[in-house]
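Structural characterization, general
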Amino acid sequence: MSLFWLIVIVLAIALVGYVVGRARALASAGGDMRLLHSLPSYYGSNVAMKAAVPAFLILVVWLLAQPFYVDSRISGMIPQSAISEGSSLGLVMAEVRRAAQGLDNVVASGQMTEDFARNARADFNDITARLKDAGQIVTSQITQPVMRAAQAYRVVVSTGNLIMSIVVILAAIAGALLALRETNVDFRARNTVEKGIRVALFSAALIAVLTTLGIVLSLVFNTVEFFRLYPAMDFFFGLTWSPSFSGRGGSSELGILPLLWGTFYISIVALAVAVPIGLFAAVYLSEYAGPKVRAVAKPLLEILAGIPTIVYGLFALLTVGPMLLSVFGDGGLGIMKAGTAVMTAGLVMGVMLIPFVSSLSDDIINAVPQAMRDGSYGLGATRSETVKKVILPAALPGIVGAILLAASRAIGETMIVVLGAGAAARLSLNPFEAMTTVTAKIVSQLTGDADFASPVALVAFALGMTLFVVTLGLNIVALYIVRKYREQYD
Amino acid sequence: MTDTNLPPLTSGASSDAPVKSKSLYALDDLTRRRNASETRFKAYGIGAIAIGLFFLIVLAVSIVSEGLPAFTKTVVNVNFTLTQEQFDAAESQLFKTKAYEQIFIGALQGQLEERGVNVPFDAAAIERIVGKPGGTIRAYFQSNPDNLGEPAGFELAASSRVDGYMNGRVTRENMTDSRFLQASDLDLVDNLVEAGVITNVFNWNFITGADSGVDNPGGAGIGASVVGSFFMMLVVLFLSLPIGVAASIYLEEFAPQNRFTDMIEVNISNLAAVPSIVFGILGLAVFIQFMHLPQSAPLVGGLVLTLMTLPTIIISTRASLKAVPPSIRDAALGVGASKMQAIFHHVLPLAMPGILTGTIIGLAQALGETAPLLLIGMVGFVARGYPEGIVAGFTDPNSAMPAQIYTWAARADYAFYEKAWGGIIVLLVFLLTMNVLAVILRRRFERRW
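Residues numbered from 1 in each chain as written. Chains lettered and ligands numbered in written order. Predicted model: local features only at pLDDT ≥ 70, side-chain atom pairs only at ≥ 80, totals over all residues.

Moving on: the overall build of chain A. When you go through chain A residue by residue, the secondary structure sums to 17 helices and 2 strands. Counting only residues that meet the buried cut, chain A has 43% of its 490 residues in that class. Contacts in chain A between residues far apart in sequence, at least 24 positions, make up 74% of those at least 6 positions apart. (Helix = DSSP H or I, 4+ residues; strand = E, 2+ residues; numbered from the N terminus. Buried ≥ 20, exposed ≤ 12 C-beta atoms within 10 Å, placed from the backbone. Contact = placed C-beta atoms within 7 Å.)

Dropping the structure here:
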């Protein structure tokens, strides 16, 4: 029975439960709705809820747990001799899964009988050939242990699925019956249903916590795995980044310092562009501009924030890079070798951050009480003196917070640096040289067919961990500063 | 401040000390300096905004000017009639497509003479301009033998370099003679354009097609990845809207004031600032490594983007729930509704326009997101065709618009850059539509209490 039908059946049970529960409640009140504690639909919903919710919970847990059980059962079947040199149990298991999947598909399309797929003992060449003919992706030659394991795999999985279907349907029916039994005039159905909804609302809110937990766990586990293969000292203090994909990454040098330097250099360039422009724009918009200019200029600037980063990446690679190259390259000053460079990525990232800085600072400047401005004007100060001597000092903590948030954005930005900054990791002071960042290397280490057992792929998780910790730290500090500042005028 | 702190206003100071003016009409030095600094400061502000808008304009201009050529393609139009005898003769030869090519060249020559253009050309030049036309012609007549003896028109796509010449990407100055294109070919192309044989037509294939191989920039289209993005957005919409609304209702209406609630709130505001690539790592580790969901599937992409957009949606939903005045709640409770009923029957419908606006803006953000998709394998070159059916749309490997654009931008061939800019136009059209929809919703339904 496929998953789809199982879900449909459970939903059908819930629906029938709803109708029956509603009818039963009405009947117990002798058809007079006013005698019931709750509206009739609540009695129905109570039954439907108690039928569907436990059944679906069991289903989800079972679906998550079954693969682990099956894997442990089957991997015990594979003899050590079947794992060839340079291979691993995980790879053989992947082969088993592929073969089982292939058999499933062939049986489903009717090119092989179920009996044959289950019991074939001899002639594995033939089966491999037949699977290949049917367009299934299998290895060149399915060996005997793999075939045996694949057959056992199919048996275990189908038995598991059968038991799961039965358990889930039984749970649904039992839930519905239990709920029907408690249905009568005095049953407080609305309260029960509302309690259920409240739990559902709470679990939705919990997803945010689970997401953070998922991020932390997936980063921590893989990072620990990486540090088992590669010394942490070399990672944090190594001055060279040269991953080597051959020989399972044995000869790689994976020092993070060049990447961190590239990240910070590009972010500094970006902030050097974004902070003055964004700050002056915010000051002008909130202190000088009339309502008309403000109504036009503010949304136009904010368009810059709504543009996807891939667009900025392309802009850096194809427009800004060549433009800078024509000025600073061989035709001009001769200090730039290629279009992709720290300057290119930093400049474009700065443009992206302008609206970020300006709208945050705008909010903060507007939060400075008018009385402070009036006081300053009353003493004879000009507008610019008021801004420089009164408003900016008062708004300073908030502006620092905004700049830190912008910095965390810049550090975590990916597409602009992937396309605009180049791929070479180097420690250099020349902003017209290509450098690379933590995010760009995460992308390049994890795209393509990564083998998760090699340090060359696992290093991406350690890089991600570093990135996560740095941006989280910046955010917490920024939010702390902003929050502390806000308390002053409320 | 008292006067004792001030420097004494002695008259015997040096000559460059600011002179206090005696007249109200003449500005003294200090005032003039202060006014100048005021003007300068204002100019900085205007300058900052001008720089921002300047970048916006440069961006818009380069997108439009570089991207529009992707929507057209250069074709060579040739009409000729193939008789049964010519067909048989060609089929009997050893190099059949070569024979068709000869017929094609003959027809082209005839067409040119008819229009009074006389340029010499050889088969090699034709092959450089339209590839090898023989195969297409042969396939056409083989599958439509009835059309033998009747005039047939062929619209053959020109090679990517000729396309580039027509778009101004390849010029006589920057080209070098190669086996792909020679300077003499450009003269021929000019003549053919004058004769109306080479024309520019709208490139439907770019909108409906799928990604092509590295060697065929002309055939690349964004259609398949638009479908991938669409299925992904369905997942995001149907997961993030209910979950986001439920979480907001809990936090806004039910959550008790305690440490756990605080933790959830801090979590949400931190998640909003986590770099998108970290969500990609999460998707790779949890959904693909741990749960064994299919790689490159829009379903997984949708799940990752859902987790990413949830904070955005929760923040905007809470704002719109907060904006509903407490009197509505009180009135509902006053006539005997339970708290749940008051919220679901009265507060939520009133907050709905704001929630939907926030959701659309969140979806637009998710639509433009690239980095997490690259990590879960939704790169451009897997978008080789349309999915077969609805379920396959969610689970079969596909790409998404921004990832497709990235793949094109990362290819070395310049012809793909044009496609990338064109893809950006398509992407921005979608984003613009969504944002306009959000603005309309807000204008139409937003209520001020």
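From this point on, the discussion continues.
Scanning chain B from terminus to terminus reveals 18 helices and 3 strands. For 449 residues, the compact-globule formula gives about 22 Å, and the C-alpha radius of gyration of chain B, at 33 Å, lies well above that figure. Seen through its C-alpha atoms, chain B measures out along the principal axes to roughly 110 × 80 × 40 Å. Counting all 449 residues of chain B, 41% fall into the buried class. In chain B, 76% of the contacts between residues at least 6 apart in sequence involve partners at least 24 apart. (Rg over C-alpha atoms; globule rule 2.2 N^0.38 Å.)

Let's shift gears to the environment of Ile425 of chain B. All names here are of chain B. Along the chain, Ile425 falls in helix H18 (residues 414–445). Taking the C-alpha atoms as reference points, Ile425 and Val64, 361 residues apart in sequence, are found 7.3 Å from one another. Every residue in contact with Ile425, bar those within four places of it in the chain, is listed here: Ile63 and Gly67.

Residue and element names in this part refer to chain B. The geometry of helix H3 (residues 96–114) relative to helix H5 (residues 133–143) is characterised by a closest axis approach of 7 Å and an angle of 95° between their N-to-C directions. Classified by the angle between their axes, H3 and H5 sit roughly perpendicular to one another. Judged by residue contacts, Lys96, Thr97, Lys98, Tyr100, Glu101 and Phe104 of H3 engage Pro133, Gly134, Gly135, Ile137 and Arg138 from H5. Per-class residue counts for the contact of H3 with H5 are 4 nonpolar, 3 polar and 4 charged. (Axes fitted to C-alpha atoms, helices over the stretch in contact; angles between N-to-C directions. Parallel < 35°, antiparallel > 145°, perpendicular 65-115°, else oblique. Nonpolar A, V, L, I, M, F, W, Y, C, P; charged D, E, K, R; others polar.)

Bringing the interface of chain B and chain A into the picture now. Taken together, the contacts link 64 residues of chain B with 67 residues of chain A. Within the residue set of the side of chain B that touches chain A, elements represented by two or more residues are helix H1 (29–67), helix H9 (223–254), helix H10 (259–271), helix H11 (276–290), helix H12 (298–323), helix H15 (371–375), helix H17 (401–410) and H18 of chain B. Sorting elements by how many residues they give to the side of chain B that touches chain A places H1 of chain B first, with 17 residues. Of the residues in the side of chain B that touches chain A, the class split is 47 nonpolar, 14 polar and 3 charged.

The next subject is unusual backbone geometry. Positive phi, normally seen in glycine, also occurs at Ser296 of chain B, with a value near 60°. Along the chain, the position of Ser296 of chain B falls in the loop between H11 and H12.

All names here are of chain B. Sheet architecture is open: 3 strands sit in the order S2-S1-S3, paired in antiparallel fashion. In this open sheet, the two strands that pair with only one neighbour each are strand S2 (151–157) and strand S3 (198–202). Across the sheet, the mean angle from the axis of one strand to that of its neighbour is 40°, orientation sign disregarded. Here strand S1 (residues 72–81) pairs with S3 via 5 bridges, running antiparallel. Paired with Val75 across the bridge in S3 is Thr199. (Pairing = 2+ DSSP bridges.)

All names here are of chain B. At their nearest, the axes of H11 and H12 sit 10 Å apart, and the two run at 130° to each other. Judged on the interaxial angle alone, H12 and H11 are oblique. You can see that H11 and H12 cross each other, and the crossing is right-handed. Contacts from Ser276, Phe279, Gly280, Gly283, Phe287 and Ile288 in H11 reach Val300, Leu303, Val304, Leu307 and Met308 in H12. (Left-handed = near helix turned anticlockwise from the far one by under 90°.)

If you check helix H7 (residues 189–229) of chain A, its first and last C-alpha atoms are 58 Å apart, about what 41 residues at 1.5 Å a residue would give, namely 60 Å. By the largest-angle criterion, Ile207 of chain A marks the main kink of H7 of chain A, which is about 30°. (Expected span 1.5 Å × (residues − 1). Bend = angle between axes of the 7 residues up to and from the residue.)

Another aspect to go through is the nonpolar core. Residues and elements named next belong to chain A. Within the largest apolar cluster, 195 residues are counted, with the highest numbers of intra-cluster contacts made by Leu314, Val348, Val357 and Ala406. Those residues in contact with Ala406, other than ones at most four positions away along the chain, are Leu271, Ala274, Leu353, Phe356 and Val357. By size, the runner-up hydrophobic cluster in this structure holds 23 residues, among which are Ile13, Tyr43, Ala171 and Phe187. (Core = buried A, V, L, I, M, F, W, Y, C linked by C-beta atoms within 7 Å.)

Below, the discussion takes up the confidence of the model for chain A. On average, residues of chain A carry a pLDDT of 85, and 87% of them reach 70 or more. Considering each helix and strand of chain A separately, the mean pLDDT is smallest for helix H5 (residues 124–133) of chain A, with a value of 65, and largest for helix H9 (residues 257–288) of chain A, with 93. (pLDDT = per-residue confidence, 0-100.)

A few words now on H5 of chain B. All names here are of chain B. What H5 keeps buried is the set Pro133, Gly134, Ile137, Arg138 and Phe141. Burial along H5 is one-sided: seen end-on, the buried residues are contained in an arc of 125°. Facing away from the buried side of H5 by more than 90 degrees, the exposed set consists of Ala139, Gln142 and Ser143. The secondary structure elements touched by the buried residues of H5 are helix H2 (84–91), H3, helix H4 (123–130) and S2. (Arc of directions from axis to C-beta.)

Here the focus is the environment of Asp330 of chain A. Within the secondary structure layout, Asp330 of chain A lies in the loop between helix H11 (309–328) and helix H12 (342–366). Sequence separation between Asp330 of chain A and Met164 of chain A is 166 residues, and the spatial gap between their C-alpha atoms is 69 Å.

The pairing of S1 of chain B with S2 of chain B spans 7 bridges and is antiparallel. Bridge assignment links Val75 of chain B to a residue of S2 of chain B, and that residue is Ala157 of chain B.

Our next topic: the confidence of the model for chain B. All names here are of chain B. For chain B, the average pLDDT comes to 83, and 93% of its residues sit at 70 or higher. Every residue in residues 10–14 is under pLDDT 50, and counting partners more than four places away or in other chains gives 0 contacts. Taken over the whole predicted complex, pTM reads 0.85, whereas the ipTM for its chain interfaces reads 0.86.

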